[in-house]
Amino acid sequence: MTKVATHPFGRLITAMVTPFLADGSVDLPGAQRLATYLVDEQHNDALVINGTTGESPTTSDVEKARLVEAVVEAVGDRARVVAGVGTFSTAHTVELAQSAEKVGAHGLLVVTPYYSKPPQAGLLGHFTAVADATGLPVMLYDIPARAGVPIQTETIVRLAEHERIVAVKDAKGDLAGSSDVLRRTGLAYYSGEDSLTLPLLAVGAVGIVGTSTHLSGVGTKQMIEAFERGDHAEALRLHQQLLPIYTGIFRTQGTILVKAAMNARGLPGGPVRSPLVDATKEELATLRADCAAAGLAL
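Per chain, residue numbering runs from 1 following the sequence as it is written. Only residues with pLDDT of at least 70 are given local features in this predicted model, and only at 80 or more are side-chain atom pairs given and counted; all residues enter the totals for whole chains, interfaces and linings. As a convention, hydrogens and water are excluded, and side-chain values are obtained from all of the structure's heavy atoms.

As annotated in an unreviewed UniProt entry, the protein is 4-hydroxy-tetrahydrodipicolinate synthase from Longispora fulva. The UniProt entry for the protein carries the following comment under Function (unreviewed entry): "Catalyzes the condensation of (S)-aspartate-beta-semialdehyde [(S)-ASA] and pyruvate to 4-hydroxy-tetrahydrodipicolinate (HTPA)." UniProt positions are given in the numbering used here, feature names are shortened, and annotations may be inferred rather than shown by experiment. The UniProt entry for the protein carries the following text under Catalytic activity (unreviewed entry): "L-aspartate 4-semialdehyde + pyruvate = (2S,4S)-4-hydroxy-2,3,4,5-tetrahydrodipicolinate + H2O + H(+)".

K.L.:
How should I be thinking about the nonpolar core in this particular structure?
P.N.:
Nonpolar side chains in soluble globular proteins tend to be buried together. Ranked by size, the top nonpolar core spans 76 residues in total, and within it Met-16, Leu-47, Val-71, Leu-108 and Ile-245 carry the most contacts. Starting at the N terminus, helices and strands are each numbered in turn, a helix being any DSSP run of H or I of at least four residues and a strand any DSSP run of E of at least two. Looking at this core, the element that brings in the most residues is helix H2 (residues 61-75), giving seven residues. In this structure, Ile-245 is in contact with Ser-212, Leu-215, Ser-216, Leu-287, Asp-290, Cys-291, Ala-294 and Leu-296, ignoring residues within four places of it in sequence. Here the nonpolar core consists of buried residues drawn from Ala, Val, Leu, Ile, Met, Phe, Trp, Tyr and Cys, with membership extended through side-chain atoms lying within 4.5 Å. Three labels apply to residues, based on accessible area from a 1.4 Å probe with only protein chains included: buried if under 20% of the type maximum, exposed if over 50%, partly exposed otherwise in between. One finds Ala-46, Leu-109, Val-111 and Ala-171 within the second-largest nonpolar core, a separate group that totals 18 residues. The contact definition used throughout considers only heavy atoms, calling two residues in contact when any of these lie within 4.5 Å.

K.L.:
What's the story with the packing of H2 against helix H3 (residues 90-102) in this structure? I'm lost.
P.N.:
When two helices pack together, their arrangement is given by the angle between the helix axes and the distance between those axes. The N-to-C vectors of H2 and H3 enclose an angle of 30°; their axes lie 10 Å apart at closest approach. For the element pair H2 / H3, the angle class is roughly parallel. In this structure, the crossing between H2 and H3 has a hand that is right-handed. Packed against H2, whose contacting residues are Asp-61, Lys-64, Ala-65 and Val-68, the element H3 presents His-92, Leu-96, Ser-99 and Ala-100 at the interface. Think of it as three bins: nonpolar holds Ala, Val, Leu, Ile, Met, Phe, Trp, Tyr, Cys and Pro, charged holds Asp, Glu, Lys and Arg, and polar takes everything else, Gly as well. For the contact of H2 with H3, a count of residues per class yields four nonpolar, two polar and two charged. Structural elements are reduced to axes, namely lines fitted to C-alpha atoms, with helices fitted over the stretch in contact, and the angle between N-to-C directions of any two is expressed from 0 to 180 degrees. An angle counts as roughly parallel when it lies under 35 degrees, as roughly antiparallel when it exceeds 145, as roughly perpendicular when it falls between 65 and 115, and as oblique in every other case. Each crossing gets its handedness from the near helix: less than a right angle anticlockwise from the far helix is left-handed, clockwise is right-handed.

K.L.:
Can you walk me through the UniProt feature "binding site: pyruvate" (unreviewed entry) in the protein in this structure?
P.N.:
Here the UniProt feature "binding site: pyruvate" (unreviewed entry) sits at Thr-53 and Val-209. A stretch of 157 residues holds the annotated residues, and the largest C-alpha distance among them is 10.9 Å, short enough that they meet in one place. Cross-referencing the annotated residues with the lining of the largest pocket gives Thr-53 and Val-209. Assignment of secondary structure puts Thr-53 in the loop between strand S2 (46-49) and H2. Sequence-distant contacts of Thr-53, that is, excluding residues within four places in its chain, are made with Ala-15, Met-16, Val-17, Thr-211, His-214 and Thr-255. Relative to the helices and strands, Val-209 resides in strand S8 (residues 207-210). A residue is classified by how much of its surface remains accessible, and Val-209, at 1% relative accessible area, is buried. Other than its neighbours up to four places away in sequence, Val-209 contacts Ile-13, Ala-15, Val-48, Met-139, Lys-169, Tyr-190, Ser-191, Gly-192 and Asp-194. Buriedness of a pocket was judged along seven lines, with at least five required to meet protein on both sides within 12 Å; pockets are open sets of points on a 1 Å grid over the protein atoms alone, cavities are sets where a 1.4 Å probe fits but cannot get out, and lining residues have an atom within 4 Å of a point.

Structure below.
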């Protein structure tokens, strides 16, 4: 059954970094403060907690649950809180999904199982098992450059038949393939690559799950709203203005540079956990230049 396309998690979503204290422990009050800034000042409709940008490969299951619970407490009355639960184990992903539901998450982000390169039948079974495990809406995360395999079009179309699989975070970079899925299903597509948000909106996407939106949320929301009301010239102007930060945030690695930016702004960020390394002075200087080029202060 084809769904009617909506924007189930809003338009603007940021994949939030996980603030750590100087000793490397999770900063729960900091996570609440950062979430409040992203919702109230950067105009996010939803936040992804425990995504890869949140260094989920390095956080424990207990830390993940506490983070979701803390963010729901801070902003859950005015924004959707989407828990990243994807792993390369179906059983573990199901456990994380059920844990996230228990602590109040409003939805789940489930990435393609990575490294093991399962066949499409394996992906179909994996995502179906996770969607069956809770009552929460699910956003698939299609990122073959990191996961090693794409979710092929026919697999996504079949998964769209599940009542709780409602959206896709699309980092595949295949506009024709995404267009075909949008033509054949009612799935809500969110750009998983900041710089491709406007092109994806043009073929039917509804918004973004962003990284640079820790900094560019206001302008990105304006771009989406301009496109939605038919002011395509203004949407293009904003896209071009923000392009230096859309691409610049990934010059090194998104989490590293976002944390450097948050620290520079006096917001919670803290260090990264190994195997990531903190930004150098030179990388921070380049980030400041990218922000300035996009009209953003850092």
